[in-house]
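Understanding the architecture of this molecule
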Amino acid sequence: MSEDRAAVSAVLVNCTVVDGRIVDGVAPQSDAGILVRDDRIAAVGPVDAVLAQARAEGEHATIDLDGAYVTPGLTNMHTHLSLSLPGSGGDGVKGMNPHELALYMADGARRTLLCGVTTVRCVAEKEHADFALRRAIAAGRVVGPRIFTAGQALVCTGGHGHESGDTLECDGADGFRRGVRSQVKAGADLIKVMISGGIAGEHESIHTRQLFTDELRAVIDTAHAWGRRVTAHAGPAPVIAEAVELGLDCVEHGYQLTPEVVARMAAQGTALVPTLLVTRCKEFFDELGVPEWMQCRSLGAGPRHLESFAMAVAAGVEVLLGSDMPPFWHFEGTNASVRELEYMSEGIGPARALRAGTLGPIRWLGAEADLGTIETGKYADLVAMDADPTAETSAFRGIRWVMKGGRVVRDDRSGWSAW
Ligand SMILES: [Zn+2]
């Protein structure tokens, strides 16, 4: 199906182009044109110049975007396509056999891309199904975003998330070294480790320390030796402070940050994926039948969580979009990815939110040569919307056109969508 829409060469016209470089003073370009050749951007600039170049090169299709704003596709840095929380909804996923699980994740991947999320970073997926999914997407057999994945998250015996196949239990420095290597062997682009308790564990609290120093050091040093960055599920400040000292590259959630730890994170360039939705998504928990004890713990952590986020922003920590909820999940009138970005925008404003949802994540992933901005030579992973996302982040609610790798996968005006 998507083959029909494979544009060998196309010019996008009648649009304003803007990306995360706006924070560095790169102004939006109105009356812009984008020449897309195969899967990449061949030119971008004033529409007349781009059309002249396209004509000089020969045959091309013209796509009129009808005055839309065009930005890079979003990147969601905290994704679980095989998520199963405690409760009836999660039990359904837990009960799937491997074939059912792969198909379920493929459905999630398609929905994610259609939301305009063209790249995801998976931070714990079950039974290595993520690697099969990534291969299927890359081969064009499944519609979905570009996937960077940690494989299974590393956890101590009985630690956070140990109940399901999206974690691998390890103990001792040797055990954790083997854990890192086993994920790299399977194809992991990064390593995820659980260093403290969390919201979803019945026998732990958010502040439970779960790894000894030698274990933590083993994870970080082994991953770095193999050129993989490390992100940690982490709540309490002392545990995070130690991990940052040891070279941790990213903190997930950060429910209980302090001015001291955010200063250290800023100094070391450690990013924060705050996942603000996790402590404010009662509607989602209800839908999945999440038990009362977990809801209380989660929603109760909300105010402190928001305070942590504000501290990190004030200290100059780089904050990145990540929803934890499935990125496509319909939530509060939009999808989880856009809703999370809106919450972040309340603290950082729309221009920085645009960057936190595009260029910032792509830089963390080390993929800025190919993705993250609208520049010549990069993949044509683009979204279009009518409102100005640099004025209001809610503009992303109106995404009505999505292109990945030069192929249009969604166009609301013509009624087209890749299934
Ligand atoms: Zn998570």
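Residues numbered from 1 in each chain as written. Predicted model: local features only at pLDDT ≥ 70, side-chain atom pairs only at ≥ 80, totals over all residues. Heavy atoms only, no water.

This brings us to the sheet that holds strand β6 (residues 117-122). The strand order β5-β6-β7 describes an open sheet built from three strands, whose pairing is parallel. The sheet is open, and its two borders are formed by β5 (74-79) and β7 (146-149), each paired with just one other strand. Pairs of neighbouring strands in the sheet enclose a mean axial angle of 20°, with direction left out of account. Taken together, the four bridges between β6 and β7 define a ladder with parallel strand orientation. Residue C122 lies in a different strand from β7, and its bridge partner there is T149. (Pairing = 2+ DSSP bridges. Helix = DSSP H or I, 4+ residues; strand = E, 2+ residues; numbered from the N terminus. Axes fitted to C-alpha atoms, helices over the stretch in contact; angles between N-to-C directions.)

All told, the structure shown has 25 salt bridges when counted by the stated rule. The partner of D189 in a salt bridge is R134, with the nearest N and O atoms 2.6 Å apart. You can see D189 sitting in the loop between α5 (172-186) and β10 (190-194) and its partner R134 sitting in helix α4 (residues 129-138), a full 55 residues away along the chain. Looking at D189, the relative accessible area reads 30%, which means it is partly exposed. Each member of the salt-bridge network shares a partner with another, and the members are D19, R21, E375 and K378. (Salt bridge = Lys/Arg side-chain N within 4 Å of Asp/Glu carboxyl O. Buried < 20%, exposed > 50% of the residue type's maximum accessible area, 1.4 Å probe, protein only.)

Once that is clear, we can look at the coordination of the zinc ion. Distances from the zinc ion to its protein donors, H78 (NE2), H80 (NE2) and D324 (OD), fall within 2.0 to 2.2 Å. Read N to C, the donor residues that coordinate the zinc ion are spaced as H-x1-H-x243-D. H80 sits in the buried class, given a relative accessible area of 7%. (Donors = N, O, S within 2.8 Å, 3.2 Å for Na, K, Ca; no water.)

Summarising the element assignment, E242 is placed in helix α7 (residues 237-245). On the basis of relative accessible area, E242 is assigned to the buried category, the value being 18%.

Glancing now at the packing of helix α8 (residues 259-268) against helix α11 (residues 302-315). It is the contact of α8 with α11, at a shortest axis distance of 9 Å, that shows an interaxial angle of 45°. With respect to each other, α8 and α11 are oriented oblique. Relative to α11, the crossing made by α8 is right-handed. Where α8 approaches α11, its residues P259, V262, A263 and A266 are matched on the opposing element by M311, A312 and A315. For the contact of α8 with α11, the class distribution of residues is seven nonpolar, no polar and no charged. (Parallel < 35°, antiparallel > 145°, perpendicular 65-115°, else oblique. Left-handed = near helix turned anticlockwise from the far one by under 90°. Contact = heavy atoms within 4.5 Å. Nonpolar A, V, L, I, M, F, W, Y, C, P; charged D, E, K, R; others polar.)

The next subject is the sheet that holds strand β4 (residues 61-72). Spatial ordering of the open sheet is given by β3-β2-β1-β4-β16-β17-β18-β19, a layout of eight strands whose pairing is mixed. Because the sheet does not close on itself, it has two edges, and the strands there are β3 (40-46) and β19 (416-417). Strand direction decides the pairing type here: strand β18 (residues 407-411) and β19, joined by two bridges, are antiparallel. Within β19, the position partnered with R410 by the bridge is S417.

A few words now on the environment of A336. Within the element layout of this structure, A336 appears in helix α12 (residues 336-356). Here A336 falls in the buried class, since its relative accessible area comes to 0%. Residues A336 and H207, 129 residues apart in the sequence, show an inter-C-alpha distance of 26 Å. When residues no more than four places from it in sequence are discounted, the contact partners of A336 are L277, S323, M325, P326, P327 and W329.

Three or more residues of helix α10 (residues 292-300) are buried, namely M294, Q295 and S298. Along the axis of α10, the buried residues cluster in a sector spanning 100°; they form a single face. Opposite the buried face of α10, at more than 90 degrees from it, the exposed residues are E292 and G300. In this fold, the buried residues of α10 make contact with α9 (282-288) and α11. (Arc of directions from axis to C-beta.)

Counting residues in hydrophobic clusters, the biggest one holds 111 residues, and the most contacted among them are F284 and L382. Filtering out sequence-adjacent residues up to four positions away, L382 remains in contact with L12, I34, I41, V70, T71, P72, G73, I374, W401, V402 and M403. Counting residues in hydrophobic clusters, the runner-up holds 15 residues, among them V123, L190, L320 and W364. (Core = buried A, V, L, I, M, F, W, Y, C linked by side-chain atoms within 4.5 Å.)

Right, let's get into the packing of aromatic side chains. Counted by the stated rule, this structure contains three aromatic pairs. Ring centres of F284 and F285 lie 6.0 Å apart, and the angle between their planes is 35°; this geometry places the pair in the tilted category. When its relative accessible area of 1% is taken as the criterion, F284 is described as buried. Using a relative accessible area of 3% as the deciding quantity, one classes F285 as buried. Taken together, a centroid distance of 5.2 Å and an interplanar angle of 80° make the contact between F284 and W329 edge-to-face. Here the residue F284 occupies a position in helix α9, and W329 occupies one in the loop between α11 and β14 (330-331), the gap between them amounting to 45 residues. Put simply, the rings of F284, F285, F328 and W329 touch in pairs and so form one group of aromatic residues. A cation over an aromatic ring shows up here: R40 above the ring of Y379, its NZ or CZ 3.9 Å from the ring centre. Directly above the ring of Y379 sits R146, whose terminal nitrogen or CZ lies 4.0 Å from the centroid. (Phe/Tyr/Trp six-rings, centres within 6.5 Å; stacked < 30°, edge-to-face > 60°. Lys NZ or Arg CZ within 6 Å of the ring centre and 35° of its normal.)

Since there are 3.6 residues in each turn of an α-helix, residues three or four apart along the chain are aligned in direction. Counted at 1.5 Å a residue, the expected span for α12 with its 21 residues is 30 Å, but the 15 Å between its end C-alpha atoms falls short. Most pronounced at G349, the bend in α12 amounts to some 120°, and the proline P350 follows within four residues. Summarising burial for α12: 15 of the 21 residues are buried, a large majority. At the N-terminal boundary of α12, the capping side chain belongs to N335, with an oxygen 3.1 Å from the backbone nitrogen of S337. (Expected span 1.5 Å × (residues − 1). Bend = angle between axes of the 7 residues up to and from the residue. Polar contact = N/O pair within 3.5 Å; in protein donor to acceptor, adjacent residues only side chain to side chain.)

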